[in-house]
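Each chain, letter by letter, is given below.
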Amino acid sequence: DGAYLRDVSRQQTYGGEHLPDFAHMAPELTRDVRGIRLWLPLHLHGVAAFRSALDEKLDLAAYVHDRLATVRRLEVPWKPQLSTVAFRMKAKSSSADDIAAANQATQELLGRINASGRILLSSTEIDGRFTIRVCIVMHRTHADSIAEALDIIRAAVAQSD
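Residues numbered from 1 in each chain as written. Predicted model: local features only at pLDDT ≥ 70, side-chain atom pairs only at ≥ 80, totals over all residues. Heavy atoms only, no water.

With respect to the layout of surface pockets
Regions of empty space are outlined by a rolling probe, equal in size to a water molecule, passed over the atoms. For clarity, the cut-off: Using only the protein atoms, space was sampled on a 1 Å grid; points where a 1.4 Å probe fits but cannot get out form cavities, open sets with protein on both sides within 12 Å along at least five of seven lines form pockets, and lining residues are those with an atom within 4 Å of a point. Grid points are joined across faces, edges and corners, and a volume is the space filled by probe spheres set on the points. The numbering of helices and of strands both runs from the N terminus, where a helix is a DSSP run of H or I of at least 4 residues and a strand a run of E of at least 2. Three classes are used, and their members are as follows: Ala, Val, Leu, Ile, Met, Phe, Trp, Tyr, Cys and Pro are nonpolar, Asp, Glu, Lys and Arg are charged, and the others, Gly among them, are polar.
Space inside the largest pocket adds up to approximately 330 Å³. Ranked by residue count, the leading element in the lining of the largest pocket is helix 4 (residues 143-159), at four residues. Of the residues that constitute the lining of the largest pocket, the class distribution is ten nonpolar, three polar and three charged.

Here's what the structure looks like:
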């Protein structure tokens, strides 16, 4: 958003082609500045700050896994290797009908969780099972946010009883 770019709009066209967003280009306005997005924070804060933040997120993921594993109606199939925790509603058995019912219940659970407006969880399908994911990647996510998220998840599960 430099002064030299004030007349450039993302919607502008030249010869029928959309112009690039020059604010994301290098000073020469010829290519994207990708390296500076990594270099500048490392230069300003150092590697130790990033290690500490990553350790915190990994610890939070382990905490989420451990807490969700205590919820009777949930299945938490894997310990997180990084900062994503997968969970879903338990199926009564391995029959196709029970798995379909558990998938539907998990989709409804995700809807209740996201309807809170306080957290936004994502989903995926793994081996035919609808699965919800808690992804702890934002640098502003700390233990208080995770505690609130766990409360919301537990309350949403309780609504399904």
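Back to the write-up after that little detour.
Side note on the nonpolar core
Condition: In plain words, nonpolar cores are sets of buried Ala, Val, Leu, Ile, Met, Phe, Trp, Tyr and Cys residues tied together by side-chain atoms within 4.5 Å. The buried label applies to any residue whose accessible area, calculated with a 1.4 Å probe on protein chains only, is under 20% of its type's maximum; exposed applies above 50%, and partly exposed to all values in between. In this description, contact between two residues means that some pair of their heavy atoms is separated by no more than 4.5 Å.
Counting residues in each nonpolar core, the largest one holds 27 residues, and the members touching the most others are Leu 68, Leu 74, Phe 87, Leu 109, Ile 113, Leu 121 and Ile 153. Broken down by secondary-structure element, the contributors of at least two residues to this core are helix 2 (47-68), strand 4 (84-89), helix 3 (96-115), strand 6 (129-135) and helix 4. Looking at which element gives the most residues to this core, the answer is helix 4, with seven residues. Not counting residues up to four positions away in its chain, the partners in contact with Ile 113 are Phe 87, Ile 119, Leu 121, Ile 132, Ile 152, Ile 153 and Ala 156.

Concerning the pattern of salt bridges
As a reminder, the rule being used: The salt bridge definition used is simple: a Lys or Arg side-chain nitrogen within 4 Å of an Asp or Glu carboxyl oxygen.
Taken as a whole, this structure holds six salt bridges when the rule is applied. Measuring nitrogen to oxygen at the nearest pair gives 3.2 Å for the salt bridge that ties Arg 88 to Glu 75. Of the two residues, Arg 88 sits in strand 4 while Glu 75 sits in strand 3 (residues 74-75), which places them 13 residues apart along the sequence. The exposure class of Arg 88 is buried, given its relative accessible area of 7%.

A word on the sheet that holds strand 6
Backbone-to-backbone hydrogen bonds join strands into a sheet, with any given pair of strands oriented parallel or antiparallel. Using the following cut-off: Note on pairing: DSSP must find at least two bridges between two strands before they are called paired. Note on geometry: axes are C-alpha line fits, over the in-contact stretch for helices, and angles between N-to-C directions span 0 to 180 degrees.
Judged by pairing direction, the sheet is antiparallel, and its four strands sit side by side in the order 3-4-6-5 without closing on themselves. Only two strands of the sheet have a single partner each, and these edge strands are strand 3 and strand 5 (122-126). Relative to strand 4, strand 3 is paired through two bridges, and the arrangement is antiparallel. Of the residues in strand 4, the one forming a bridge with Leu 74 is Met 89. Helix 2 rests against strand 3, strand 4 and strand 6 of the sheet, and its axis sits at about 15 degrees to strand 4.

Note that every value here comes from positions in space, so none of it alone points to a role or purpose.
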